[in-house]
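Listed here are the chains, written in short residue letters.
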Amino acid sequence: MAENNRKRVPISFAALALVVVSAAIAVLLLTVVGVALVPVAAKPWVLIVGLVATVGAMALSSRYMTNKAIEREFGPAESDVERE
């Protein structure tokens with residue numbers, strides 16, 4: 001196989017922000033549906049769980065995209081190279 005000597009295009013901050021916001025919107029929509037479907041007594045708990053899940057989804061997607069951006073910019077980590 002021929003080696004690919006092209007430099008990879010780095011991931012922009014706009015792409016990172018788009019992924020994080022998309023994750024937040026998706027989880028918030030699920031929260032709204034959950035709040036609409038549960039009885040009145042459980043609505044506050046569903047709302048709290050939904051908000052915590054939203055923050056978690058935003059954190060996970062941000063971490064994933066940041067790791068991907070670092071890998072594209074600087075190449076794979078040394079520990080990843082040793083596994084191959």
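Residues numbered from 1 in each chain as written. Predicted model: local features only at pLDDT ≥ 70, side-chain atom pairs only at ≥ 80, totals over all residues. Heavy atoms only, no water.

Here's the deal with the overall build of the protein
Thought 1: Scanning the protein from terminus to terminus reveals three helices and zero strands.
Thought 2: Overall, the protein shows an N-to-C arrangement of helices and strands of α-α-α.
Thought 3: Partitioning the contacts of the protein with sequence separation of at least 6, the portion at a separation of at least 24 is 67%.
Thought 4: Of the accessible surface of the protein, which amounts to about 7000 Å², a share of 70% is contributed by carbon and sulfur atoms. (Helix = DSSP H or I, 4+ residues; strand = E, 2+ residues; numbered from the N terminus. Contact = heavy atoms within 4.5 Å. Areas by Shrake-Rupley, 256 points an atom, 1.4 Å probe, with all protein chains shown as cover.)

Here's the deal with a nonpolar patch on the surface
Thought 1: On the surface, a cluster of nonpolar side chains totalling about 270 Å² of accessible area is made up of Val21, Ile25 and Leu29.
Thought 2: Here Ile25 is to be found in helix H1 (residues 13–37). (Patch = residues over 30% accessible without salt bridge, like charges linked within 9 Å, V, L, I, M, F, W, Y side chains within 5 Å. Salt bridge = Lys/Arg side-chain N within 4 Å of Asp/Glu carboxyl O.)

Topic: the side chain of Thr31
Thought 1: You can see Thr31 is positioned in helix H1.
Thought 2: In this structure Thr31 comes out as buried when scored by relative accessible area, which is 8%. (Buried < 20%, exposed > 50% of the residue type's maximum accessible area, 1.4 Å probe, protein only.)

A word on the packing of H1 against helix H2 (residues 43–74)
Thought 1: Closest axis-to-axis distance for the H1/H2 pair is 8 Å, and the angle between their directions is 160°. Regarding the angle of H1 to H2, the classification is roughly antiparallel. Between H1 and H2 lies a crossing of right-handed hand.
Thought 2: For the contact of H1 with H2, a count of residues per class yields 17 nonpolar, seven polar and one charged. (Axes fitted to C-alpha atoms, helices over the stretch in contact; angles between N-to-C directions. Parallel < 35°, antiparallel > 145°, perpendicular 65-115°, else oblique. Left-handed = near helix turned anticlockwise from the far one by under 90°. Nonpolar A, V, L, I, M, F, W, Y, C, P; charged D, E, K, R; others polar.)

Details of the confidence of the model for the protein
Thought 1: Looking at the protein as a whole, its pLDDT mean stands at 84, while 82% of the residues score no less than 70.
Thought 2: Here helix H3 (residues 78–83) stands out as the element of the protein with the lowest mean pLDDT, 62, in contrast to H1, whose mean of 92 is the highest. (pLDDT = per-residue confidence, 0-100.)

Describing H1
Residues lying three or four places apart along an α-helix face the same way, a consequence of the helix completing one turn every 3.6 residues.
Thought 1: The end-to-end C-alpha distance of H1 is 36 Å, a good match for the 36 Å that 25 residues give at a rise of 1.5 Å each.
Thought 2: Every buried residue of H1 is accounted for by Leu16, Val20, Ala23, Ala24, Val27, Thr31 and Gly34.
Thought 3: The elements touched by buried residues of H1 are H2. (Expected span 1.5 Å × (residues − 1).)

Concerning H2
Thought 1: When the terminal C-alpha atoms of H2 are compared, their 46 Å separation across 32 residues agrees well with the 46 Å that a helix rising 1.5 Å per residue should span.
Thought 2: Gly75, located one to two residues past H2, shows a positive phi value of around 90°.

Thoughts on the UniProt feature "transmembrane region" (unreviewed entry) in the protein
Thought 1: Those places that UniProt annotates as "transmembrane region" (unreviewed entry) correspond, in this numbering, to residues 12–38 and 44–62.
Thought 2: Along residues 12–38 one finds 93% helix and 0% strand; the C-alpha atoms at either end are 40 Å apart.
Thought 3: Its end C-alpha atoms 27 Å apart, residues 44–62 is made of 100% helix and 0% strand. (UniProt positions renumbered as here; feature names shortened; annotations may be inferred.)

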